[in-house]
Amino acid sequence: NKQLYISSASSVELASLLSAAIAVGRLVFGVIMKYVHWSKGLAFCMLAGLAVLGLTVYLATNMPVPQHTITRWTDFPVVAYLLPLLGFLICPIYPTFSSSILSKQPINKQSIMIVWIVIFSALGATIGSRVLGLVFEFFGGLTAMAVLGIPLFILLLLLIPYYWRLNKVIVKND
C-alpha cells in the first residue's frame, strides 16, 4: 500500500479481490483444460504471468505520486488491478502440477504422493514467504515483486523437461 499510495483498508479490499481472482482463475482454467492440453495452458499462464509481473513492476516504478492516499476503487492506479490479474493467471500452476503428478501414480500410491505434495507445498510456501518478507524488508516492495518472477521463470523453464519426463513414464507404463 505504501508503493501504490493506497490506504490500508483499500489494500485489504484489493487483497480480497486477489483471492477472488485466484478462485475464478482456477475455475476458468479448469474449463479451458477441456480444450487445451495442460502443458500449453500452463505455459501460456506462466508467460502471461511473467508479462503482467514485469508490467506491474514497470508501472509501479514510474507511477506519479498522488497528492493524497487513495481510498476509492475508482481512483486506484491501473497497476493495482494488475495484481489480481496476476493471481488469475498464475493460480492454475500448483493444482495442474499436482494433478499431473497424481494422475500418473498407481491408485495405491496416490495417498502417499498427496502427503508429499502437501508437505513440500507447505515447506515451499513457508520458506518462500520468509524469503519474500526479507526481500521486502531490506530492498522494498518493487524488488520483492520483481523477485517473484524468478521462481515463475524457473518453473517455466522446467515445464518442458517435466512434460517430456512425464510422457516417458506414460510410454513405459503402456
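What counts, and where the lines are drawn
Residues numbered from 1 in each chain as written. Predicted model: local features only at pLDDT ≥ 70, side-chain atom pairs only at ≥ 80, totals over all residues. Heavy atoms only, no water. Helix = DSSP H or I, 4+ residues; strand = E, 2+ residues; numbered from the N terminus. Buried < 20%, exposed > 50% of the residue type's maximum accessible area, 1.4 Å probe, protein only. Contact = heavy atoms within 4.5 Å. Areas by Shrake-Rupley, 256 points an atom, 1.4 Å probe, with all protein chains shown as cover. Lys, Arg positive; Asp, Glu negative; His and termini not counted. Charge placed at Lys NZ, Arg CZ, Asp CG, Glu CD. Phe/Tyr/Trp six-rings, centres within 6.5 Å; stacked < 30°, edge-to-face > 60°. Expected span 1.5 Å × (residues − 1). Axes fitted to C-alpha atoms, helices over the stretch in contact; angles between N-to-C directions. Parallel < 35°, antiparallel > 145°, perpendicular 65-115°, else oblique. Left-handed = near helix turned anticlockwise from the far one by under 90°. 1 Å grid on protein atoms, 1.4 Å probe; cavity = no way out; pocket = protein on both sides within 12 Å on 5 of 7 lines; lining within 4 Å. Points joined across faces, edges and corners; volume = space filled by probe spheres on them. Nonpolar A, V, L, I, M, F, W, Y, C, P; charged D, E, K, R; others polar.

**Brief notes about the overall build of the protein chain**
Right, on to step 1. From N to C terminus, the protein chain includes seven helices and zero strands.
Right, on to step 2. Put simply, the protein chain runs from its N terminus to its C terminus through helices and strands in the order α-α-α-α-α-α-α.
Right, on to step 3. Over its C-alpha atoms, taken along the principal directions, the protein chain stretches across nearly 65 × 35 × 25 Å.
Right, on to step 4. Split into buried and exposed, the 174 residues of the protein chain put 29% on the buried side.
Right, on to step 5. Sequence-distant contacts in the protein chain: of pairs separated by 6 or more residues, those separated by 24 or more amount to 77%.
Right, on to step 6. For the protein chain, the computed accessible surface area is about 11200 Å², with 72% contributed by carbon and sulfur atoms.
Right, on to step 7. Here the protein chain carries 11 positive and 4 negative side-chain charges, and the mean point of each set is 17 Å from the other.

**Re the packing of aromatic side chains**
Right, on to step 1. Scanning the model with the defined rule gives four aromatic pairs in all.
Right, on to step 2. Seen from their ring centres, W116 and F120 are 5.8 Å apart, and the 25 degrees between their planes marks the pair as stacked. One end of the pair is W116 and the other is F120, both in helix 5 (residues 107-139) and four residues apart, which spans about a single turn.
Right, on to step 3. An aromatic cluster is defined as three or more aromatic residues linked by ring pairs; in this entry it consists of W38, F97, Y162 and Y163.

**Comments concerning helix 3 (residues 78-90)**
Right, on to step 1. For helix 3, with 13 residues, the first-to-last C-alpha span of 19 Å sits near the 18 Å given by 1.5 Å per residue.
Right, on to step 2. All of the buried residues along helix 3 are V79, A80, L82, P84, L86, G87 and L89.
Right, on to step 3. Packed against the buried residues of helix 3 are helix 1 (8-32), helix 2 (38-61) and helix 6 (141-147).

**Regarding the packing of helix 4 (residues 93-103) against helix 5**
Right, on to step 1. Direction vectors running N to C along helix 4 and helix 5 enclose 150 degrees, while the axes themselves pass 10 Å from each other. Regarding the angle of helix 4 to helix 5, the classification is roughly antiparallel. The two elements helix 4 and helix 5 cross, and the hand of that crossing is right-handed. The segment helix 4 lies against helix 5, with Y94, S98, I101 and L102 engaging Q110, M113, I114, I117 and S121.

**What about the layout of surface pockets?**
Right, on to step 1. Reported here for the largest pocket is a volume of approximately 2000 Å³.
Right, on to step 2. What lines the largest pocket is a set of 48 residues, and nearest its centre among them are I90, S129, L132, L148 and P151.
Right, on to step 3. When residues of the lining of the largest pocket are traced back to their parent elements, those giving at least two are helix 1, helix 2, helix 3, helix 4, helix 5, helix 6 and helix 7 (149-173).
Right, on to step 4. The dominant element in the lining of the largest pocket, judged by the number of residues it contributes, is helix 5, at 10 residues.
Right, on to step 5. Split into classes, the residues belonging to the lining of the largest pocket amount to 35 nonpolar, 11 polar and two charged.
Right, on to step 6. Here the second largest pocket is characterised by a volume of approximately 160 Å³.
Right, on to step 7. Forming the walls of the second largest pocket are G25, V28, F29, I32, V36, G41, F44, C45, F88, L89 and P92.
Right, on to step 8. At the level of elements, helix 1, helix 2 and helix 3 are the ones that each hand at least two residues to the lining of the second largest pocket.
Right, on to step 9. For the lining of the second largest pocket, the element with the most residues is helix 1, which contributes four residues.
Right, on to step 10. Residues that form the lining of the second largest pocket fall into these classes: nine nonpolar, two polar and no charged.

Honestly, that's just the spatial picture; any functional story needs more than this.
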